Amino acid sequence: MTPHALLAQLGHFVLTFQAVEAAMVALTVHLVDADPEYVSSLTAELEFNSKARALDVIYTRYAQLHGLSKQAPHPDFHKLMARVQKLATRRNDLVHSFYGLLITVDGEAALARQPTKLKPSEGLREQEGEDILPERLEAEIAEMHSILHELESYRLQAINIKYPDNES
């Protein structure tokens, strides 16, 4: 993989993450069944993890109201939101870093990630870096696509519950 392709892959990761966030807001709009502008305005002010936690609670309530589950939190959806939050941590790590090009012993291009985190209470700058091979980013992007697919399934479920004659 060329250095340009590696950087494009990193950009693909970030843009796919944004698609996950947009899908979460779209699902929230359908579950809440209120004026979409109200919901979008509220979610625009939330940090990503707050959106995920709120959606987890909203879906649990939705599932209870519609007889999908009596459990709290909804077990499958809660697992999905845990995956989403893990993804958010990874996204933050990736975007708050500096990068250099690395050539592996096999002659493959990779990225050398250097974090930019500070630990003021300890008077330290976190310096533990990471070498990112293209396969790792591909696996993480594939996980995001899987999450997007699952979020879309929940959104379609909400639409089918609201409009039962429009089964997809």
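Everything below is about the structure printed above this text.
Residues numbered from 1 in each chain as written. Predicted model: local features only at pLDDT ≥ 70, side-chain atom pairs only at ≥ 80, totals over all residues. Heavy atoms only, no water.

Engineer: Describe the overall build of the protein, listing the residues and the values that go with them.
Structural biologist: When you go through the protein residue by residue, the secondary structure sums to 5 helices and 5 strands. Its helices and strands taken in sequence order, the protein reads α-α-α-α-β-β-β-β-β-α from the N to the C terminus. Across the 168 residues that make up the protein, the buried fraction comes to 33%. Long-range contacts, defined as pairs at least 24 residues apart, comprise 59% of the intrachain contacts of the protein with a sequence gap of at least 6. Of the accessible surface of the protein, which amounts to about 10,100 Å², a share of 57% is contributed by carbon and sulfur atoms. Each charge class in the protein was averaged separately, 16 positive and 24 negative side chains, and the resulting centres sit 5 Å apart. (Helix = DSSP H or I, 4+ residues; strand = E, 2+ residues; numbered from the N terminus. Buried < 20%, exposed > 50% of the residue type's maximum accessible area, 1.4 Å probe, protein only. Contact = heavy atoms within 4.5 Å. Areas by Shrake-Rupley, 256 points an atom, 1.4 Å probe, with all protein chains shown as cover. Lys, Arg positive; Asp, Glu negative; His and termini not counted. Charge placed at Lys NZ, Arg CZ, Asp CG, Glu CD.)

Engineer: Mind laying out the layout of surface pockets, listing which residues take part and the relevant values?
Structural biologist: Approximately 200 Å³ is the volume found for the largest pocket. Contributing to the lining of the largest pocket are F13, R83, K86, L87, T89, R90, R136, E140 and E143. Every element with two or more residues in the lining of the largest pocket is listed here: helix 4 (75-95) and helix 5 (134-162). Ranked by the residues each element gives to the lining of the largest pocket, the list is headed by helix 4, at 5 residues. Each residue belonging to the lining of the largest pocket can be placed in one class, and the counts come to 2 nonpolar, 1 polar and 6 charged. (1 Å grid on protein atoms, 1.4 Å probe; cavity = no way out; pocket = protein on both sides within 12 Å on 5 of 7 lines; lining within 4 Å. Points joined across faces, edges and corners; volume = space filled by probe spheres on them. Nonpolar A, V, L, I, M, F, W, Y, C, P; charged D, E, K, R; others polar.)

Engineer: Describe the packing of aromatic side chains, with residues and values.
Structural biologist: A complete count under the given rule lists 5 aromatic pairs for this structure. Judged by centre distance (4.7 Å) and plane angle (40°), the rings of F17 and F48 are tilted. Of this pair, F17 sits in helix 1 (residues 3-32) while F48 sits in helix 3 (residues 48-65), placing them 31 residues apart in sequence. A residue is classified by how much of its surface remains accessible, and F17, at 3% relative accessible area, is buried. Among the residues examined, F48 registers a relative accessible area of 11% and is labelled buried. Consider the rings of Y59 and Y154, whose centres lie 4.9 Å apart with planes at 75°: the pair is edge-to-face. (Phe/Tyr/Trp six-rings, centres within 6.5 Å; stacked < 30°, edge-to-face > 60°.)

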